[in-house]
Every structure is written in structure tokens, then in C-alpha cells.
Amino acid sequence: MNIVFLGSPGAGKGTQAIKLSDDKGFTHISTGDIFRAELKNNTELGKLAKQFIDNGELVPDDVVVDMVDAKIKSLGDIKGCILDGFPRTLNQGKAMEGKIDVALVIYIHVDKQEIIDRLSIRRVCGKCGNIQPNSENGLCNTCGGTLAQRDDDKPEVILNRLTVYETQTMPLIDYYKDKFYQIDGAREIDEVYKDILSVLEKFNAGN
Ligand code: AMP
């Protein structure tokens with residue numbers, strides 16, 4: 001059973017996807033994380049993606065689709081995937097038809113102003129990868145590592161990412177309307193997670 005997590009940058013998709021994967025044994029596939037790992041390793045794919053990521057643009061569809069297709073083929077026998085940040089355009093959604101069955105689309109909705117506020121203070125721990133709001137001492141509240149701001153969370157890039165989201169990703173809401181569940185993401189992490197679990201229960205009960 002494969003699940004797509006849809007939502008604006010900063011809506012909490014990654015946090016919830018990791019929680020659900022750890023809890024229920026799904027395989028978490030975050031295209032953003034894959035690109036950041038490629039970038040860190042200075043691969044050709046990473047260098048190509050960087051030009052787009054740094055400007056808040058999307059990496060071209062064919063590159064992302066090939067990457068996800070290869071990733072899925074490499075996974076072998078798994079319970080199912082949580083696709084986090086993919087698909088992000090109608091073309092990507094259509095290109096994956098027949099390659100992966102999407103059972104359920106969970107859309108985490110958060111108002112634009114709250115997204116801007118969240119992304120502006122979002123920091124990532126360089127040591128353990130934890131994502132959290134900036135702290136007073138600039139250190140991670142989980143492991144004490146140093147927090148850093150993602151380059152694409154800088155104010156000038158945030159606005160472009162949101163425009164790209166509205167124009168290119170939001171059409172997927174209609175595309176997936178038959179398997180679509182909306183969740184209010186403007187709440188505590190655990191509250192949002194509870195709703196995700198109840199969507200899964202309802203879905204499993206109805207199938
Ligand atoms: P994320 O961490 O999901 O916000 O992704 C960070 C950046 O990676 C995005 O702003 C895009 O530049 C790129 N990216 C991630 N996923 C995709 C995708 N499905 N299609 C195109 N670009 C993507």
C-alpha cells in the first residue's frame with residue numbers, strides 16, 4: 001500500500017512521514033532528502049538539482065521520475081512506500097501511473113502565512129538531521145548539534161517555492177480527488193498524527 005503525502009513546503013509532511021514510517025513499517029521516500037544527499041556527495045545528479053533547489057524551482061520532471069522509478073525498483077519486497085514531496089507536478093503523477101499504485105493521498109493543509117512563519121524559523125540539525133524551530137543557543141534540542149538554515153528556507157527563496165507549489169503542485173489535489181484526505185496541519189505534531197492514523201484506519205476498514 002503506497003501513500004502520497006501532499007502539502008506545501010513546511011506543512012509538516014516530512015515529520016509526519018517519518019513518524020508514520022517508523023511506527024507502521026512503511027518505506028519513506030523523500031525526493032528532497034534524496035537530492036540533498038546527492039548534493040552532499042557532489043554527484044552529477046546533485047549538481048544538476050542544486051541549480052533548481054537554490055532558486056526554489058522544481059527539478060525537471062524526467063529527472064525526478066527516473067530517480068523515483070529507480071528507487072522503487074531497488075526496494076524489493078516492502079509493505080509500501082510513503083512518497084513525501086513526490087509527485088509534485090501533474091506530469092510526475094501521470095508518469096508514475098502503472099509504475100506504482102497510489103492507494104491514498106494525505107493532504108496536510110496549513111495557511112500560507114503560517115507556512116511563511118514556520119519556514120523562516122525552521123532549522124535542521126547538522127548532526128542528527130532533526131528539524132525544529134530555531135533555538136536561543138542555536139543548538140539542537142535532541143542531540144546538541146549545531147542548527148543551520150536550509151539555503152532554500154531563506155526569505156527570498158521561500159516565496160518562490162510557495163508560488164511554484166500553488167501553480168505546479170496544487171493541481172494534483174484535483175487529480176487525486178478520489179483518494180484524497182485533507183488534514184488540518186496547523187496543530188501540534190501529535191494531533192496531526194492522530195488524524196493521519198484515523199484516516200489509515202478508515203481506509204483499511206473500507207478496503
Ligand atoms: P523538499 O525538501 O521536499 O522541500 O524539496 C527541496 C527541493 O528539492 C524542492 O524545492 C525542489 O527543488 C526539489 N524537489 C524535491 N522533490 C521534487 C519533485 N518531486 N520534483 C521536482 N523537484 C523536487
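Use the structure listed above.
Residues numbered from 1 in each chain as written. Predicted model: local features only at pLDDT ≥ 70, side-chain atom pairs only at ≥ 80, totals over all residues. Heavy atoms only, no water.

Novice: How should I be thinking about the site of the ligand in this particular structure?
Specialist: Residues in close proximity to the ligand total 16 residues, the closest being T31, E57, G85, R88 and Q92. Contacts to the ligand include G85, whose backbone N or O atom sits 2.9 Å from a nitrogen atom. Here Q92 contributes a side-chain N or O atom positioned 2.9 Å from a nitrogen atom of the ligand. When isolated, the ligand has an accessible area of 480 Å², and the protein chains bury 96% of it. Classifying every residue of the shell around the ligand by side-chain character gives 6 nonpolar, 4 polar and 6 charged. (Near = heavy atom within 4 Å. Polar contact = N/O pair within 3.5 Å; in protein donor to acceptor, adjacent residues only side chain to side chain. Areas by Shrake-Rupley, 256 points an atom, 1.4 Å probe, with all protein chains shown as cover. Nonpolar A, V, L, I, M, F, W, Y, C, P; charged D, E, K, R; others polar.)

Novice: Would you take a moment to explain the nonpolar core for this structure?
Specialist: As a rule of thumb, soluble globular proteins bury nonpolar side chains together. Residues F35, V59, V68, L83, F86 and M96 are the most contacted members of the largest nonpolar core, which totals 25 residues. Elements with a contribution of two residues or more to this core: β1 (2-7), α2 (31-40), α3 (44-53), α4 (61-73), β3 (81-84) and β4 (102-109). Per-element accounting of this core gives the leading share, 6 residues, to α4. When near neighbours in sequence (up to four residues on either side) are disregarded, L83 contacts I3, V4, F5, I29, V68 and I100. Listed in part, the 22 residues of the second largest apolar core include I3, L119, V199 and L200. (Core = buried A, V, L, I, M, F, W, Y, C linked by side-chain atoms within 4.5 Å. Buried < 20%, exposed > 50% of the residue type's maximum accessible area, 1.4 Å probe, protein only. Helix = DSSP H or I, 4+ residues; strand = E, 2+ residues; numbered from the N terminus. Contact = heavy atoms within 4.5 Å.)

Novice: So what exactly am I meant to see when it comes to the sheet that holds β4 here?
Specialist: The strands making up a sheet are joined through hydrogen bonds of the backbone, oriented either antiparallel or parallel. Reading across the sheet, the 5 strands line up as β2-β3-β1-β4-β8 and stay open at both edges, with parallel pairing between neighbours. The open sheet terminates on both sides in strands that have one partner only, identified here as β2 (27-30) and β8 (180-184). Put simply, the sheet's adjacent strands are angled 20 degrees from each other on average, direction ignored. Summarising the sheet, β2 and β3 pair through 4 bridges and their orientation is parallel. Across the sheet, residue T27 finds its bridge partner in β3, namely C81. (Pairing = 2+ DSSP bridges. Axes fitted to C-alpha atoms, helices over the stretch in contact; angles between N-to-C directions.)

Novice: What is the right way to look at the layout of surface pockets in this model?
Specialist: Unfilled space is identified by rolling a water-sized probe across the atoms. In this structure, the second largest pocket spans a volume of roughly 160 Å³. Residue lining of the second largest pocket: 14 residues in total, with S8, V110, K112, Y165 and E166 positioned closest to the centre. Only β4, α6 (112-121) and α7 (155-169) provide two or more residues apiece to the lining of the second largest pocket. For the lining of the second largest pocket, the per-class residue count stands at 8 nonpolar, 3 polar and 3 charged. (1 Å grid on protein atoms, 1.4 Å probe; cavity = no way out; pocket = protein on both sides within 12 Å on 5 of 7 lines; lining within 4 Å. Points joined across faces, edges and corners; volume = space filled by probe spheres on them.)

Novice: It is not clear to me how the packing of aromatic side chains should be interpreted in this structure. Could you clarify?
Specialist: Describing an aromatic ring pair means giving the distance of the ring centres and the angle of the ring planes. With the rule as written, the count across this model stands at 2 aromatic pairs. An angle of 65 degrees between the planes, with centres 5.0 Å apart, marks the rings of Y175 and Y176 as edge-to-face. The ring of Y193 carries K19 above its face, with NZ or CZ at 5.0 Å from the centroid. Above the plane of the ring of F26 lies K79, whose end atom (NZ or CZ) is 4.8 Å from the centre. (Phe/Tyr/Trp six-rings, centres within 6.5 Å; stacked < 30°, edge-to-face > 60°. Lys NZ or Arg CZ within 6 Å of the ring centre and 35° of its normal.)

Such coordinate-based values are descriptive only and should not be taken to indicate function.
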